[in-house]
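Architecture and fold: a report
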Amino acid sequence: MKIGLIGARGYTGGELIKLVESHPEFELAALSSRKLEGKRARDHFETSSDLVIENLAPEDLSSREVDAWVLALPNRLSAPWVEAISPETLIVDLSSDHRFDDGWVHGFAERNAYEIKASKRIANPGCYATGMMATLWPITDLLDGPATVFGVSGFSGAGTTPSEKNDPDVLRDNLIPYAPTQHTHEKEVSHHLQHAVNFMPHVAPFFQGICLTITMTLKEGLGVGDVKSKLIEAYTGHPLINVADEAPRVRDNMGKHTLTIGGLGEANAFDPNRRRLVLNTTLDNLLKGAATQCMQNLNLASGLDALTGIPHSK
Ligand SMILES: NC(=O)c1ccc[n+]([C@@H]2O[C@H](COP(=O)([O-])OP(=O)(O)OC[C@H]3O[C@@H](n4cnc5c(N)ncnc54)[C@H](OP(=O)(O)O)[C@@H]3O)[C@@H](O)[C@H]2O)c1
């Protein structure tokens, strides 16, 4: 499989290039970045590839021998690229542009591998959305009312375009709340679960990683054991997602392809009087929240095992 990447200079692009490099069936065939035009891939990324980075325009794509294009561009830029790519050629879009589009599959490999395998148009889930979806989709029918999520992300989540949210001077000794209602990932998760989620994101001074504290009310008569068995059932045979008694910390999954849903064994995770359960989920925004998920999607849509080329231990 020849892979082309548009938006190669971004943080997710860098992680994808590493993953493609070590993949047994994939090779890099085209890399596009305006700022890195003319440079060799191996001088900028963790790859031995001699490929020269180009500043491609949508009209250039049809002349490239590429089996799958990954769009790793900021939101709202994908339209001309998608239009220029043949319907027979696979696209995985990392932006939010197609996450609400019925013509695209929302590519969450542990949830809907079957649809991903049959699709040429895959919208990669958002990073926070991945943590929320992973925790909530197996247990949505146990919930009484919306889940509320307090989220903290490392500043790589804000991308490379300079802003307050990735400015080291603003972030030092700081935690910055933003988009307290209607964040795009709140809409994404509520849409794909068909269940309301309230999400309050924050950005922290660490570079990569996400921590979510998820609070929910269980239906009458249910307890933490019901939630735990649903989660274990959902993720048995899915080695990138761990279900743990301890509450995970950001560093547990930082730089790793895994995601941990935990806190299930914490003494005060569940308040039976109010039927209130609190879980914690951590993941790496650039990996399971972006590049790793993209590789799972590329694998499935190419007829490979979802985990091909993704190091995992279980
Ligand atoms: N960062 C994360 O944690 C994360 C997680 C999940 C999903 N995502 C999504 O993945 C996508 C990529 O995010 P990112 O953080 O890796 O990178 P990014 O900094 O948002 O942008 C990726 C690259 O796109 C190129 N670009 C920017 N504006 C462009 C334009 N007008 N035309 C063509 N190219 C342009 C830039 O390279 P040049 O300027 O060199 O062309 C830039 O480095 C975004 O949609 C983001 O929302 C990000």
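Calculation criteria
- Residues numbered from 1 in each chain as written.
- Predicted model: local features only at pLDDT ≥ 70, side-chain atom pairs only at ≥ 80, totals over all residues.
- Heavy atoms only, no water.
- Near = heavy atom within 4 Å.
- Polar contact = N/O pair within 3.5 Å; in protein donor to acceptor, adjacent residues only side chain to side chain.
- Areas by Shrake-Rupley, 256 points an atom, 1.4 Å probe, with all protein chains shown as cover.
- Helix = DSSP H or I, 4+ residues; strand = E, 2+ residues; numbered from the N terminus.
- Nonpolar A, V, L, I, M, F, W, Y, C, P; charged D, E, K, R; others polar.
- Pairing = 2+ DSSP bridges.
- Salt bridge = Lys/Arg side-chain N within 4 Å of Asp/Glu carboxyl O.
- Buried < 20%, exposed > 50% of the residue type's maximum accessible area, 1.4 Å probe, protein only.
- Domains from an automatic or database assignment.
- Buried area = accessible area lost by both parts, 1.4 Å probe.
- Contact = heavy atoms within 4.5 Å.

**Concerning the site of the ligand**
Near the ligand there are 24 residues, and of these R9, T12, S33, L73 and T160 occur at the shortest range. Y11 has a polar backbone atom sitting 3.2 Å from an oxygen atom of the ligand. Contact with the protein chains covers 86% of the free accessible surface of the ligand, which is 870 Å². When residues of the shell around the ligand are traced back to their parent elements, those giving at least two are α1 (11-21) and α10 (287-301). Classifying every residue of the shell around the ligand by side-chain character gives 9 nonpolar, 12 polar and 3 charged.

**Here we look at unusual backbone geometry**
A positive phi angle, close to 75 degrees, is found at R76, a residue other than glycine. In this structure, Q194 is a non-glycine residue whose phi angle is positive, near 55 degrees. With respect to the helices and strands, Q194 occurs in the loop between α7 (184-193) and β9 (197-204).

**Notes on the pairing of strand β10 (residues 210-217)**
Bridging between strand β7 (residues 147-154) and β10 involves 6 bridges; their strand directions are antiparallel. Counterpart to S153 in the pairing with β10 is I210. Bridging between β10 and strand β14 (residues 276-283) involves 8 bridges; their strand directions are antiparallel. By the bridge assignment for β14, T217 is matched with R276.

**Remarks on the pattern of salt bridges**
Within the structure shown, the criterion is met by 14 salt bridges. Here K18 makes a salt bridge to E15, at a shortest N to O gap of 3.3 Å. A residue pair is termed a helical-turn pair when its members lie 3 or 4 positions apart in one helix, as K18 and E15 do in helix α1 at 3 residues. Classification of E15 as buried rests on a relative accessible area of 13%. Of the charged contacts in the structure, one is a salt bridge between D50 and R42, with a shortest N-O distance of 2.6 Å. A relative accessible area of 38% places R42 in the partly exposed class.

**Some thoughts on the domain arrangement of the protein chain**
Accessible area lost on assembly of the parts is the figure often given for the size of an interface. Looking at the assigned domains, one finds that the protein chain contains domain 1 (2-125 + 290-301) and domain 2 (127-284). Between domain 1 and domain 2, the C-alpha centre-to-centre distance is 26 Å. Contact with domain 2 buries area across many residues of domain 1, yet Y11, E110 and R111 alone supply 35% of it, more than any other trio. Counting the contacts that link domain 1 with domain 2 gives 1 salt bridge.

**With respect to the sheet that holds strand β2 (residues 27-32)**
If you walk across this open sheet you meet the 6 strands as β2-β1-β3-β4-β6-β5, and the pairing is parallel. At either end of the open sheet lies a strand with only one pairing partner, and these are β2 and β5 (105-106).

**Focus on α1**
When you tally the buried positions in α1, you get 8 out of 11 residues, the bulk of the element. Each element contacted by the buried residues of α1 is listed here: β1 (2-6), β2, β3 (68-71) and α10.

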